[in-house]
Number of protein chains: 8
Amino acid sequence: MRDPRDACHVAIPARDLDEAVEFYVFGLGAKLARRYDDRVTFDFFGDQLVCHLSENVPAEAVAYPRHFGVSFARAEDFDRLVRVVEHRKLTVLSGPSLRFEGTAEQHRTLFLVDPSNNVLEFKNYDDPRLQY
Amino acid sequence: MRDPRDACHVAIPARDLDEAVEFYVFGLGAKLARRYDDRVTFDFFGDQLVCHLSENVPAEAVAYPRHFGVSFARAEDFDRLVRVVEHRKLTVLSGPSLRFEGTAEQHRTLFLVDPSNNVLEFKNYDDPRLQY
Amino acid sequence: MRDPRDACHVAIPARDLDEAVEFYVFGLGAKLARRYDDRVTFDFFGDQLVCHLSENVPAEAVAYPRHFGVSFARAEDFDRLVRVVEHRKLTVLSGPSLRFEGTAEQHRTLFLVDPSNNVLEFKNYDDPRLQY
Amino acid sequence: MRDPRDACHVAIPARDLDEAVEFYVFGLGAKLARRYDDRVTFDFFGDQLVCHLSENVPAEAVAYPRHFGVSFARAEDFDRLVRVVEHRKLTVLSGPSLRFEGTAEQHRTLFLVDPSNNVLEFKNYDDPRLQY
Amino acid sequence: MRDPRDACHVAIPARDLDEAVEFYVFGLGAKLARRYDDRVTFDFFGDQLVCHLSENVPAEAVAYPRHFGVSFARAEDFDRLVRVVEHRKLTVLSGPSLRFEGTAEQHRTLFLVDPSNNVLEFKNYDDPRLQY
Amino acid sequence: MRDPRDACHVAIPARDLDEAVEFYVFGLGAKLARRYDDRVTFDFFGDQLVCHLSENVPAEAVAYPRHFGVSFARAEDFDRLVRVVEHRKLTVLSGPSLRFEGTAEQHRTLFLVDPSNNVLEFKNYDDPRLQY
Amino acid sequence: MRDPRDACHVAIPARDLDEAVEFYVFGLGAKLARRYDDRVTFDFFGDQLVCHLSENVPAEAVAYPRHFGVSFARAEDFDRLVRVVEHRKLTVLSGPSLRFEGTAEQHRTLFLVDPSNNVLEFKNYDDPRLQY
Amino acid sequence: MRDPRDACHVAIPARDLDEAVEFYVFGLGAKLARRYDDRVTFDFFGDQLVCHLSENVPAEAVAYPRHFGVSFARAEDFDRLVRVVEHRKLTVLSGPSLRFEGTAEQHRTLFLVDPSNNVLEFKNYDDPRLQY
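Residues numbered from 1 in each chain as written. Chains lettered and ligands numbered in written order. Predicted model: local features only at pLDDT ≥ 70, side-chain atom pairs only at ≥ 80, totals over all residues. Heavy atoms only, no water.

Engineer: Would you mind showing me how to read the UniProt feature "domain: VOC" (unreviewed entry) in chain A here?
Structural biologist: Here, UniProt's "domain: VOC" (unreviewed entry) annotation points to residues 6–125 of chain A. Within the segment residues 6–125 of chain A, helix and strand shares are 18% and 44% respectively, and the terminal C-alpha atoms sit 23 Å apart. (UniProt positions renumbered as here; feature names shortened; annotations may be inferred. Helix = DSSP H or I, 4+ residues; strand = E, 2+ residues; numbered from the N terminus.)

What follows is the structure, given as structure tokens:
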């Protein structure tokens, strides 16, 4: 278990901050915390995501090696994320699908793409102890 | 506050997995969770970090826009991280220094570089409520 | 102690939603959760505040009987709120001052006013058990 | 998640304090914490509700824009509140009903009225992450 | 550590229920939960105390063997209880004093008397692990 | 919710300390914490029970007004207590039965008797919020 | 309940540290924390296991009196451990089987053997209160 | 952080069960949970210790490789353990002393011996994150 008071910090590029707010807040349901001329910060599932205004965004969405997201300990939280994605028609790169099938570390996974071609992954392990 | 049972998930490239283990486990004090031919996974301060074997690593360490790390709610945890960095002589990109000085969101920050030129940021806000 | 997963819900009028976002998010440090044409919702210190667009706002700010806010169990969290108010020059109605001085239920209090004349109160009891 | 030690604070008018105790304690199941000549304070689902003696109460119960209540993270807690309301025949303004139906933020809601025409709302979101 | 959701249950006699409310709620700062013709129930420091109307109350207050109260894990909570007792001039049977002095289980103790001669004890062990 | 680090403290008479250990530890499953010539202390469901050696024990077991026990927030914990009582053939005074049936505060209850005629009550409210 | 921030500490002999890492990390799913020439340390289900390089290991695996492991409060966590053992074909000494059957302290148990003949036991009590 | 509801399980030999109770309960302050003819079980700092009656106990107390104990996250809990050891004159094998001095994993340590020559170690790391 992690400390509930600390926050993981992830910083990524965004070509347009309004677009980022649209996707992360009104799409994924993250919460807008602060906004500056060159960046916007979010409470992203309890962790801190920062989108820095940048022209240096990926030309296309590629799943590996760079991505970020959440590994949900409970199956219903993964299901709820899938429901948000469907209701709000967010862009899916792949999934939901099963990975490492038939092994102890089997898990469901869903890859999304944000408006700046950053890739997100949401996961749910059958055995949350193995989510690391 | 975030859910202590979920894990934030961050995936980054590594040019050499042994080097990654050396830096993240024996350097930063993360814990090795699983190892495959093409990736190694860590319990990184309670969240999940995955290093994917890749030749596509940054040519040099650049702080913005891409980096990741931890925002500590308590000052002593930031101090302890600084002590680990000093004792184990990890590569510092900049800091520890004060940012947004004289504002409500003032915080200490320290930037590190991993062996594949990925940039890490550790922070401690005077007001943890504003760490998002 | 209260349940950390539930949220207290407070709904108030706002004459202008942008103004409300400016005050609650960029002023007080609440987080913007959702926005509709007629309302905006906030993660307000972990509880849910909703500002409904309305012409029916108070003509002037009056402390009693209607107001809402937070009672902090720890003195340092009250101090941090005072610091945010000072740094961001939010409108103070009265305080910080001491109330019920010399009694068991002695506490510090600070009254603020939002752009629609809604009154907020932040408190810190010497004995958090008596904060109810 | 919110801090279990802090308390949200809501202050409203009451035309009669005995009536308020009757409704909030012996009706809704809140707990009486303190009583003064001009006010009575309650542990209201873990948060602090204060009823100030006032002649300035609403002429009739109107749901918007002003109301307060609780958003329950678990469906069974909403069900239990509905059961209390039925057993003790509290005054229902509307509901229980479904709002934002067919969207990600779909939730059940129940509006009550207290003896001074203050309106209360209790909610349960299908996805508690979206309860803000 | 105990389960925060359960409640210890203590039932005692009271010769007069109004007197019991006066002592436990407006004196000690417990919260009134429910009231019936023959009993009144309290949220007593998070546990449930019930005063049953009874003529069978002790003729005088005797500390042993029957009493009940709270063992506080933190010294400041014991100090706060002492402050409430002083401010509200509650009846002290003995203390605050030190017991088992010079042993590992050394603790501070304060004995109070309620209006029906029931005895209460509040404690604070230097080593909370030994408070059992 | 109560503070998990504090302990409710209940002190009762016992005519024989070995008998008390037999009943509370090897019967009810409490844990023996400390033993002195004139008293024995238990970790009783996370709270502190002390049995003081005394000749002043009740002549017979009477349910009201004096008794103590636990109110379980979850039905399965009450079921488990019932199972312990059955397996270990502890003396039941009455129940398990339903009280306040058909009201919001409906709950299951079980009364036991210890070897010194002290009465214990274990409860489980349909709505744990009303367990106070 | 135990303190989530402390760690139980168990130190055992290992005839080969690589073998220990293979078994504990890539087998049981513990996490490698630190490694020295003469020992390796693990985050073993949240507690600390240390394997000291030693020629003094048991000649064969004997279940009693020395062993160590985890008592899971929830049945699904025991089930998940069994699944890991099956998927990764770890050496089972006995079980899973039922012990103390038909008593209040009935529990499931599974004994494993590590590469140095140290014995591990994993358990799940029907009544987690009796897991001590 | 570990799960507060699970328990680490450590089983060791004891040549005499009364002696074990004397040392672990009345010495170290563990709590006696269950007793059988051939074993006694303890709540040992929140984890489960079982002493099995056995003639196979160590001829003398040797610190390595086999021992068990607790790593305290907070310095004051280590201090309290030292105080219990001094007050109750428990047998110290070595310490309290500092180990890994001048490194990031520096910690205080104290080795005790139980009546069957089993060795216990209590620790406190300057940086609790490195206690694994």
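Engineer: Just checking my understanding: could you explain the environment of Thr41 of chain D for this structure?
Structural biologist: Topologically, Thr41 of chain D is positioned in strand β3 (residues 39–44). By relative accessible area, Thr41 of chain D is classed as buried at 2%. On a C-alpha basis, the gap between Thr41 of chain D and Glu19 of chain D in space is 13 Å, while along the polypeptide they are 22 residues apart. Setting aside chain neighbours within four positions, we find Thr41 of chain D in contact with Tyr132 of chain C together with Lys31, Leu32, Ala33, Arg34, Tyr36, Gln48, Leu49 and Val50 of chain D. In this structure the side chain of Thr41 of chain D is engaged in a polar contact, spanning 3.4 Å, whose partner is the backbone oxygen of Tyr132 of chain C. (Buried < 20%, exposed > 50% of the residue type's maximum accessible area, 1.4 Å probe, protein only. Contact = heavy atoms within 4.5 Å. Polar contact = N/O pair within 3.5 Å; in protein donor to acceptor, adjacent residues only side chain to side chain.)

Engineer: I'm lost on the pattern of salt bridges in this one. Help?
Structural biologist: If charged atoms from side chains of opposite charge come close, those side chains can pair. All chains considered together, the criterion is met by 120 salt bridges over all chains. The partner of Asp3 of chain A in a salt bridge is Arg74 of chain B, and the shortest N-O contact between them spans 2.6 Å. Linking Asp3 of chain A in the segment before β1 (7–14) with Arg74 of chain B in the loop between β5 (67–71) and α2 (75–87), this pair reaches from one chain into another. Given the relative accessible area of 16%, Asp3 of chain A is considered buried. Asp47 of chain D serves as the salt-bridge partner of Arg2 of chain C, at 2.6 Å between the closest nitrogen and oxygen. Note that Arg2 of chain C is positioned in the segment before β1 (7–14) and Asp47 of chain D in strand β4 (residues 47–53), a pairing that runs across two chains. (Salt bridge = Lys/Arg side-chain N within 4 Å of Asp/Glu carboxyl O.)

Engineer: Would you explain the arrangement of the chains in this entry?
Structural biologist: Between chain D and chain G there is no contact, and the shortest C-alpha to C-alpha separation is 17 Å. When C-alpha atoms are compared, chain D and chain H, though not in contact, are closest at a spacing of 18 Å.

Engineer: Explain helix α2 (residues 75–87) of chain A to me, please; I cannot follow it from the model alone.
Structural biologist: In an α-helix, one turn spans 3.6 residues, which is why side chains three or four residues apart end up on the same side. Residues and elements named next belong to chain A. Taking 1.5 Å of rise per residue, 13 residues should cover 18 Å, and α2 covers 19 Å from first to last C-alpha, within 8% of that figure. When we look at burial in α2, the residues that qualify are Asp77, Phe78, Leu81, Val82, Val84 and Val85. Buried residues of α2, viewed axially, fall in a sector of 160°; they line one side. Taken together, the buried residues of α2 touch β6 (92–99), β7 (107–113) and β8 (119–125). Lys89 sits one or two residues past α2 and shows a positive phi near 50°. (Expected span 1.5 Å × (residues − 1). Arc of directions from axis to C-beta.)

Engineer: Just checking my understanding: could you explain the interface of chain B and chain A for this structure?
Structural biologist: Of the residues lining the interface, 48 residues belong to chain B; the matching set on chain A comes to 48 residues. Of the roughly 4500 Å² buried between chain B and chain A, counting both surfaces, carbon and sulfur atoms make up 51%. When the area that chain B buries against chain A is broken down by residue, the three leading residues are Arg2, Arg66 and Tyr132 of chain B, summing to 19%. Applying the counting rule to chain B against chain A returns six salt bridges. (Buried area = accessible area lost by both parts, 1.4 Å probe.)

Engineer: Would you take a moment to explain the relation of the copies chain B and chain A for this structure?
Structural biologist: Look at the two chain copies: a rotation about an axis and a shift along it is all it takes to match them. Superposition of chain B onto chain A requires a rotation of 180° combined with a translation of 0.0 Å along the rotation axis, giving an RMSD of 0.0 Å. Those values place the two copies in the arrangement expected of a two-fold rotation axis. For chain B, the smallest separation between a C-alpha atom and the rotation axis is recorded for Pro4 of chain B, amounting to 2.5 Å. When the interface residues of chain B are mapped onto chain A, 100% of them again lie at the interface, so the same face is used by both copies. (Least-squares fit on C-alpha atoms with pLDDT ≥ 70 in both.)

Engineer: I keep staring at the interface of chain G and chain B and nothing clicks. Help me out?
Structural biologist: Accessible area lost upon the coming together of the parts is a frequently used measure of interface size. Taken together, the contact between chain G and chain B spans 10 residues of the former and 10 residues of the latter. Between chain G and chain B, roughly 790 Å² of surface is buried when both sides are summed, and carbon and sulfur atoms account for 62% of that area. Per-residue buried area on chain G facing chain B is highest for Phe26, Lys31 and Leu32 of chain G; these three make up 54% of the total on that side. Counting across the chain G and chain B interface gives two salt bridges. Here chain G is connected to chain B by three residue pairs in polar contact (both at pLDDT 80 or more). Secondary structure elements with two or more residues in the side of chain G that touches chain B: α1 (17–27) and β2 (31–35) of chain G. The leading source of residues in the side of chain G that touches chain B is β2 of chain G, at five residues. Counted by class, the side of chain G that touches chain B contains five nonpolar, no polar and five charged residues. (Nonpolar A, V, L, I, M, F, W, Y, C, P; charged D, E, K, R; others polar.)

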